[in-house]
There are 2 protein chains.
Amino acid sequence: MSEKANTGRTTGNNLDPWYHHYAQRTAGLSASEVRALFAVASRPEVVSLAGGMPFVSALPQDLVTDSLNRVMRDLGPTALQYGSGQGVPALREQILEVMALEGIQGSADDVIVTTGSQHALELVTKLFIDPGDVVLAEGPSYVTAMVVFNSFQAEVDHVPMDEWGLIPEALREHIASLKAAGKTIKFLYTIPNFHNPAGVTLSWERRLEILEIAKQNDILVLEDNPYGLLYFDGPPPQALRSVESDGVVYLGTFSKTLAPGFRVGWALAPHAIREKLILANEAAILCPSSFSQLVISEYLKNADWKGQINTFRGVYRERKETMLSALSEHLPELSWTNPTGGFYVWLTLPAHLDSKAMLPRAVTELVAYTPGTAFYADGGGRQNIRLSFCYPTPESIRVGVRRLATVINGELDLLETFAGTGSLDAVRTPRNSFPPSDMH
Amino acid sequence: MSEKANTGRTTGNNLDPWYHHYAQRTAGLSASEVRALFAVASRPEVVSLAGGMPFVSALPQDLVTDSLNRVMRDLGPTALQYGSGQGVPALREQILEVMALEGIQGSADDVIVTTGSQHALELVTKLFIDPGDVVLAEGPSYVTAMVVFNSFQAEVDHVPMDEWGLIPEALREHIASLKAAGKTIKFLYTIPNFHNPAGVTLSWERRLEILEIAKQNDILVLEDNPYGLLYFDGPPPQALRSVESDGVVYLGTFSKTLAPGFRVGWALAPHAIREKLILANEAAILCPSSFSQLVISEYLKNADWKGQINTFRGVYRERKETMLSALSEHLPELSWTNPTGGFYVWLTLPAHLDSKAMLPRAVTELVAYTPGTAFYADGGGRQNIRLSFCYPTPESIRVGVRRLATVINGELDLLETFAGTGSLDAVRTPRNSFPPSDMH
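Worth saying up front: this structure is predicted, and the values here are computed from it rather than measured.

Participant: What's the story with the sheet that holds strand β10 (residues 335-336) of chain B in this structure? I'm lost.
Facilitator: Backbone hydrogen bonds are what pair the strands of a sheet, in a parallel or an antiparallel way. All names here are of chain B. Strand order in this open sheet of four strands is β10-β11-β14-β13, and the pairing throughout is antiparallel. Every other strand in the sheet has two partners, leaving β10 and β13 (370-371) as the edge strands with one partner each. Two elements, strand β11 (residues 344-348) and strand β14 (residues 384-388), share five bridges in a ladder whose sense is antiparallel. Across the sheet, the residue bridging to Val345 is Leu387, located in β14. Helix α11 (residues 305-330) contacts β10, β11 and β14 of the sheet and is inclined by roughly 15° relative to β11.

See below:
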């Protein structure tokens, strides 16, 4: 639900009388080729390992109902009214406490509340991107971030990752070659913790190195951190924003630690950028929902929110372990990442299999996934699959992985039949692409 | 709270290390020169006739609390989760019932739920406006619509109004002269009912004529109708969208008939445009708040929402009458519009008075208003003031208008002192600008 694959484009056609009236940027608004398949995949008999929905049923509803009723009792007219374009001051103070858990010191003055962190992404992009500007992003990267970048006519340049996250040396090379080509690089978009879709985490040494590279090259860093508090064993390295405040716009959200249905996220930005973000937010929506903000503020004030995050951690840890053990059992020859938090595993298929072409067959076998191509702006990712363990139960995960193995093995059998025995080894052995085969 | 005056610009400066990195459009994001004054004006001793906040205290809180609790009891996990980018299907069906009250027939398939109707404005503008494209709008027009248009580098061309709304002959002339100048006109933005800020309503004959002009010239109409159900005596003429479906994008909202704190509005759009609006909505925010949508859906299902709108009508009718009677008492020589619904009166000052220059003195006298300049993209409106009667109590309105009269008469005395007796008549007699002096 939270993501649409970034493949294919919809522009007008001759049946649309307004075809010639759209802005140029509208050609960059992508419709998903796999959307129709996902509609099929939402049938109850299909195990979906495709979505990024948090398991909100792990949140005791009483906690939310209590907050709602307190808000209406104590703050009714304020909750029902327009509010500030920057967001409720009390909530902005509480957001500082949340960010402090990841080592971030800041001022509530520099926090702006947004309609999910997705809207912060849109607003930052609107502020910075002229047509043809370059956004650096990990390869692969978050699908709906790329939809936003495309919708403002940015060029996305993918910088490779490995099991320790974005590769600093590759970042240096990409910057040098883009500069040599006369391109304007506006920012680096990165998900350092439990990456979506790759499931890997940027090491501490690399965080420092990447900040240094960004600074040397006068490139803003857009740090997107929806999953950082959802670690399984120990916390990930501290946020990029904990080291560098002038060169980082940090994005956070309550969608994964509380519930996405309220659509409340935030940006913490350098002061001058923050001022423009408020203006852009007011233009776009006047103000974020007073009601949603006050409910979350009450929840943070009265409920054991850290304990609740611990509960979520336990749920997702169990599901991740179930998924990895099912993969080891049913697809022992493949490679995948081992996330230490978050929602996703990134699977590498055997050579010659195509994750996008295989999807309809998977849906026929009653399992859905997101093909790797959704996470690249340049057609990459055909050999990869993102598997989500956040929403399905452990039992469903086991069933889903077993069905996926049936599909993959069926495709391999087909390939072998047509390839003859000579190429058997090549087919069965995964290519040493990201993730490297030594990752499990 | 819901509006910021569209005067002045903020761009970066040398203290902002990212000054040279912003997109070109960011120069069009306006900061309000009167914002600091409005901060002062929010002190309790100041009577504010400036804001556009609905009087949400007229909404019985039980009605909302009941809806909240029903949603959590019956639909908790759905309310807390991500939803469709187009909005909750049940609510889109109910929105059809709301629009039917203004003569609109449509399909729930063509409704898209947005984060207030403000976000629909932003999304439509993003879809259609290339830099330099023209948006036609009434003069004056809604301030934050113009902020949006500017933020996408549109040129706003104001078409004059009179007491029957936008003047068709003027629209024809403006289109012809813009076309002759080689300009691309993308849409006509209009508020036909109880106009913000002018308080006038477009006549039925003119609705038909304007639709015809738009059709002849291949210009999309963006019909913004936040106040249509808040009429005082009889309903206004039916919506433009009730006559023409292919050439109109209609915007509605629950902010004025229920509460703005939920941030739920909608667009009803021709099918092809609707499809692109969904993509743009998903890019911007993934999906509108499930929680807010379901609460409103429950409210529409279980509460006497039409009776509640009647209650609001009564509240606003009384306040309008109070304001007009206070104006007649304290400022009998001035002219103003007589709105038959909505939130606003548009006042014309005597010649030589400047609404923007006078504002600091008004705040000193403990009354605030919005200067007419906020509602023009071209510096017009110096002789006008928008007075809001929606939020202050009748007693406050009387006090506010009395204070305003003190300010205006003080300014006139000053003018007369400096002008000498010869120009007295010219000063005391309003210019025959919009609104014409025969309007009260």
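Participant: What am I meant to see in the domain arrangement of chain A here?
Facilitator: Accessible area lost on assembly of the parts is the figure often given for the size of an interface. All names here are of chain A. Under the domain assignment used here, chain A contains domain 1 (26-52 + 307-416) and domain 2 (61-303). If you average the C-alpha positions of domain 1 and of domain 2, the two centres end up 26 Å apart. Taken together, both faces of the contact between domain 1 and domain 2 bury some 2400 Å²; the carbon and sulfur share is 65%. Counting every contact that joins domain 1 to domain 2 gives zero salt bridges. At the level of elements, α11 (305-330) and β11 (344-348) are the ones that each hand at least two residues to the side of domain 1 that touches domain 2.

Participant: Even after reading the chapter, I still don't get the interface of chain B and chain A, so can you show me in this structure?
Facilitator: With 84 residues of chain B at the contact, the number on the chain A side is 85 residues. If you sort the residues of chain B by the area they bury against chain A, Trp18, Leu80 and Tyr82 of chain B come out on top, with a joint share of 11%. Between chain B and chain A we count two salt bridges in total. For the salt bridge of Glu122 of chain A with Lys126 of chain B, the shortest nitrogen-to-oxygen distance reads 3.1 Å. For the pair chain B and chain A, the number of links is 41 residue pairs in polar contact (both at pLDDT 80 or more). Put simply, the parts of the chain that give the side of chain B that touches chain A at least two residues each are α2 (61-80), α4 (116-128), α5 (143-151), α9 (271-285) and α10 (290-302) of chain B. A breakdown of the residues in the side of chain B that touches chain A according to their chemical character gives 42 nonpolar, 27 polar and 15 charged.

Participant: Before we go on, may I ask you to explain the pattern of salt bridges in this structure?
Facilitator: Summed over all chains, the structure comprises 31 salt bridges over all chains. The partner of Glu244 of chain B in a salt bridge is Lys215 of chain B, and the shortest N-O contact between them spans 3.3 Å. Here Lys215 of chain B lies in helix α7 (residues 204-216) and Glu244 of chain B lies in the loop between α8 (240-243) and β8 (248-253), a separation of 29 residues in the sequence. When salt bridges that share partners are traced, they join Arg70, Glu298 and Lys301 of chain A into one network.

Participant: In this structure, what is going on with the packing of aromatic side chains? I would like to understand it.
Facilitator: Centre-to-centre distance and the angle between the planes together describe a pair of aromatic rings. Residue and element names in this part refer to chain B. Evaluation of the coordinates by the stated rule reveals 27 aromatic pairs over all chains. Aromatic pair Phe55 and Tyr391: ring centres 6.3 Å apart, planes at 65°, arrangement edge-to-face. Taken together, the residues Phe55 in the loop between β1 (47-48) and α2 and Tyr391 in the loop between β14 and α13 (394-419) connect sequence positions 336 residues apart. Looking at Phe55, the relative accessible area reads 19%, which means it is buried.

Participant: Help me understand the environment of Val148 of chain B, please; the structure alone is not making it clear to me.
Facilitator: Tracing the chain through its elements places Val148 of chain B in helix α5. Of the residues examined, Val148 of chain B reaches a relative accessible area of 0% and is grouped as buried. Taking C-alpha positions, Val148 of chain B is 6.0 Å from Glu122 of chain B, a pair spaced 26 residues apart along the chain. When neighbours within four sequence positions are excluded, Val148 of chain B is seen to be in contact with Ala283 of chain A together with Gln118, Leu121, Glu122 and Thr125 of chain B.

Participant: What is the right way to read α7 of chain B from this model?
Facilitator: The α-helix winds at 3.6 residues per turn, so residues separated by three or four positions along the chain end up facing the same way. All names here are of chain B. End to end, α7 covers 19 Å across 13 residues, agreeing with the expected 18 Å (1.5 Å per residue, within 8%). Turning to α7, its buried residues are Arg206, Arg207, Ile210, Leu211, Ile213 and Ala214. One side of α7 carries all its buried residues, which in axial view fall inside an arc of 160°. In α7, the exposed positions that point more than 90 degrees away from the buried face belong to Glu205, Lys215 and Gln216.

Participant: Please clarify how unusual backbone geometry should be interpreted in this entry.
Facilitator: That bond from Gly139 of chain B to Pro140 of chain B is cis: its omega, 5°, falls within 30 degrees of zero. Within the secondary structure, Pro140 of chain B sits in the loop between β3 (134-139) and α5. Positive phi is not limited to glycine here, since Phe194 of chain A has a value of about 50°. Mapped onto the elements of the fold, Phe194 of chain A is located in the loop between β6 (185-190) and α7 (204-216). Looking at Phe194 of chain A, the relative accessible area reads 1%, which means it is buried. In this structure, His352 of chain A is a non-glycine residue whose phi angle is positive, near 80°.

Participant: Just checking my understanding: could you explain the sheet that holds strand β7 (residues 220-224) of chain B for this structure?
Facilitator: Residues and elements named next belong to chain B. Pairing in this open sheet of eight strands is mixed, and the strands run β2-β9-β8-β7-β6-β3-β4-β5 from one edge to the other. Strands with a single pairing partner mark the edges of an open sheet, and in this sheet they are β2 (111-114) and β5 (165-166). Taken together, the two bridges between strand β4 (residues 155-162) and β5 define a ladder with antiparallel strand orientation. Along β5, the bridge assignment pairs Asp162 with Gly165. Packing of α4 onto the sheet brings it into contact with β2, β6 (185-190), β7, β8 and β9 (265-268), and relative to β8 it is tilted by some 155°.

Participant: Quick question: what am I supposed to make of the side chain of Asp110 of chain B here?
Facilitator: All names here are of chain B. When you line up the elements, Asp110 lands in the loop between α3 (89-100) and β2. The side chain of Asp110 is buried and forms no salt bridge, while Arg274, the nearest opposite charge, is found at 4.3 Å. Residues in contact with Asp110, not counting those within four places in the same chain, are Gln86, Ala267, Leu268, Ala269, His271 and Arg274.

Participant: Please clarify how the environment of Tyr369 of chain B should be interpreted in this entry.
Facilitator: Residues and elements named next belong to chain B. As for its position among the elements, Tyr369 is in the loop between β12 (367-368) and β13. Among the residues examined, Tyr369 registers a relative accessible area of 0% and is labelled buried. Linking Tyr369 and Leu404, residues 35 residues apart in sequence, is a C-alpha distance of 8.9 Å. The contacts of Tyr369, once residues within four sequence positions are left out, are Phe38, Leu49, Ala50, Ser355, Met358, Leu359, Ala362, Ile385, Arg386, Leu387 and Leu404. Among the polar contacts listed, one links the side chain of Tyr369 to the backbone oxygen of Ser355, at a separation of 2.6 Å. Of note is the side chain of Tyr369, whose polar atom sits 3.1 Å from the backbone nitrogen of Leu359.

Participant: For this particular structure, what's the right way to read the relation of the copies chain B and chain A?
Facilitator: Copies of the same chain, two in number, are related to each other by a rotation about an axis and a translation along it. Superposing chain B onto chain A takes a rotation of 180° plus a shift of 0.0 Å along the axis, which leaves an RMSD of 0.0 Å. What the superposition gives is, in effect, a two-fold axis relating one chain to the other. In terms of proximity to the rotation axis, the leading residue of chain B is Leu68 of chain B, whose C-alpha is 3.7 Å off the axis.

The rules behind these values
Residues numbered from 1 in each chain as written. Chains lettered and ligands numbered in written order. Predicted model: local features only at pLDDT ≥ 70, side-chain atom pairs only at ≥ 80, totals over all residues. Heavy atoms only, no water. Pairing = 2+ DSSP bridges. Helix = DSSP H or I, 4+ residues; strand = E, 2+ residues; numbered from the N terminus. Contact = heavy atoms within 4.5 Å. Axes fitted to C-alpha atoms, helices over the stretch in contact; angles between N-to-C directions. Domains from an automatic or database assignment. Buried area = accessible area lost by both parts, 1.4 Å probe. Salt bridge = Lys/Arg side-chain N within 4 Å of Asp/Glu carboxyl O. Polar contact = N/O pair within 3.5 Å; in protein donor to acceptor, adjacent residues only side chain to side chain. Nonpolar A, V, L, I, M, F, W, Y, C, P; charged D, E, K, R; others polar. Phe/Tyr/Trp six-rings, centres within 6.5 Å; stacked < 30°, edge-to-face > 60°. Buried < 20%, exposed > 50% of the residue type's maximum accessible area, 1.4 Å probe, protein only. Expected span 1.5 Å × (residues − 1). Arc of directions from axis to C-beta. Lys, Arg positive; Asp, Glu negative; His and termini not counted. Least-squares fit on C-alpha atoms with pLDDT ≥ 70 in both.

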